[in-house]
Amino acid sequence: TIGQSVEHIASATLQDVKDFYFNHYAPNNAVLAVTGNISLDTTRELCEKWFGSIPKRQIKKRSLPIEPPQLSAQTTLLKRDVPHRALYKAYHMPARTASDYYVTDLISDILSHGNSSRMYQRLVKEQPIFSDINAYIAGTVDPGLFHITAKLHDDVTFERAEEAIEKELRALMEEPLKQAELDKVRNKLEATYIYGNMSYLSKAMNLANYELLGNANLINTELENYQKVSIDDVSRVSRQLFAPQNCSTVYYEPTTSGHGE
């Protein structure tokens, strides 16, 4: 019966959750970061008190399939019950541990970090094409996605919107970046990074994330990786990142009936 089928699916899903928990949530597969006004001896005592009794488990080797390179541009149109039209573009980008990750991160800031960024100035203020536009990275350990999301003004077609975005991306690929613009985004990133490490909680989370990447000391050297990025790096990575075949685009259109399709 349908009821029995639903019960079977629910039971299998719960077992999947249990299996995932016992395969991954174990002290020998965890990173613990402690910050604040506490001594090493006290830290060890408290860790033993709260975590010492949890047994080690056999952890399955992490084996994720590598997605092959995207060989052609992908597009799709979605019609839904939404208040406005929107454009979503996603480009494959390097993993968190790759040297070009830092270049890609700075590219996202050049394009849309703050009101003085290229896309906001040219496509929101100077040309009323978008009411809002953002470029940001996933920041995942594995190769991830560079996103561009934009909300279109009512009188702007998808064709015009995409042309405007492509023009900004071509400028980044073909026209040498001015040193002052690169310095500006690096300075803003440095300020954000230093401010983000001021609280004990943020510092602990960053230490744990860097240790997960393989080296907790990255918290002290991370800014050097951004300082090494050159103008040529920005042009080179932009050409790779924004290659037409590396992009998937979603056009988000409201339904005229007010109901999603």
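(A) Layout of the overall build of the chain. Secondary structure summary: the chain contains 9 helices and 5 strands in total. Taken from N to C terminus, the helices and strands of the chain fall in the order α-α-β-β-α-α-β-β-α-α-α-α-α-β. Over its C-alpha trace the chain gives a radius of gyration of 23 Å, far above what one expects of a compact globule, namely 18 Å for 261 residues. Along the three orthogonal principal directions, the C-alpha set of the chain runs to about 65 × 65 × 35 Å. A total of 261 residues make up the chain; the buried ones form 32% of that total. Counting only contacts in the chain whose residues sit at least 6 apart along the sequence, the fraction spanning at least 24 positions is 77%. Distance from the positive charge centre (28 side chains) to the negative charge centre (33 side chains) of the chain: 3 Å.

(B) Representation of the layout of surface pockets in the model. Here the largest pocket is characterised by a volume of approximately 820 Å³. Lining the largest pocket are 18 residues, with His24, Ala26, Asn29, Ala30 and Val31 sitting closest to its centre. For the lining of the largest pocket, the leading source of residues is helix 1 (residues 2-24), giving 3 residues. Tallied by class, the residues present in the lining of the largest pocket amount to 13 nonpolar, 2 polar and 3 charged. The space that makes up the second largest pocket amounts to roughly 510 Å³. Secondary-structure elements contributing two or more residues to the lining of the second largest pocket are helix 3 (100-112), helix 6 (179-196), helix 7 (200-213) and helix 8 (218-227). Examining the composition of the lining of the second largest pocket, we find that 5 residues originate from one element, helix 7, more than from any other.

(C) Structural detail: the packing of helix 3 against helix 8. At a closest axis distance of 9 Å, the pairing of helix 3 and helix 8 adopts a crossing angle of 70°. Judged on the interaxial angle alone, helix 8 and helix 3 are roughly perpendicular. In contact with Tyr101, Tyr102, Asp105 and Leu106 of helix 3, helix 8 contributes Glu222, Asn225 and Tyr226. Classifying every residue of the contact of helix 3 with helix 8 gives 4 nonpolar, 1 polar and 2 charged.

(D) View of the nonpolar core. Among the nonpolar cores identified, the biggest contains 47 residues, and Phe130, Phe146 and Phe242 are the most heavily contacted of them. Excluding residues within four positions of it along the chain, Phe242 makes contact with Tyr91, Ile107, Leu111, Phe146, Leu169, Leu172 and Met173.

(E) How the structure looks around the environment of Thr97. The topology assignment puts Thr97 in the loop between strand 2 (86-93) and helix 3. Between the C-alpha atom of Thr97 and that of Leu182, which follows or precedes it by 85 residues, the distance is 22 Å. Sequence-distant contacts of Thr97, defined by excluding residues within four places in its chain, comprise Val141 and Leu213.

What counts as what
- Residues numbered from 1 in each chain as written.
- Predicted model: local features only at pLDDT ≥ 70, side-chain atom pairs only at ≥ 80, totals over all residues.
- Heavy atoms only, no water.
- Helix = DSSP H or I, 4+ residues; strand = E, 2+ residues; numbered from the N terminus.
- Rg over C-alpha atoms; globule rule 2.2 N^0.38 Å.
- Buried < 20%, exposed > 50% of the residue type's maximum accessible area, 1.4 Å probe, protein only.
- Contact = heavy atoms within 4.5 Å.
- Lys, Arg positive; Asp, Glu negative; His and termini not counted.
- Charge placed at Lys NZ, Arg CZ, Asp CG, Glu CD.
- 1 Å grid on protein atoms, 1.4 Å probe; cavity = no way out; pocket = protein on both sides within 12 Å on 5 of 7 lines; lining within 4 Å.
- Points joined across faces, edges and corners; volume = space filled by probe spheres on them.
- Nonpolar A, V, L, I, M, F, W, Y, C, P; charged D, E, K, R; others polar.
- Axes fitted to C-alpha atoms, helices over the stretch in contact; angles between N-to-C directions.
- Parallel < 35°, antiparallel > 145°, perpendicular 65-115°, else oblique.
- Core = buried A, V, L, I, M, F, W, Y, C linked by side-chain atoms within 4.5 Å.

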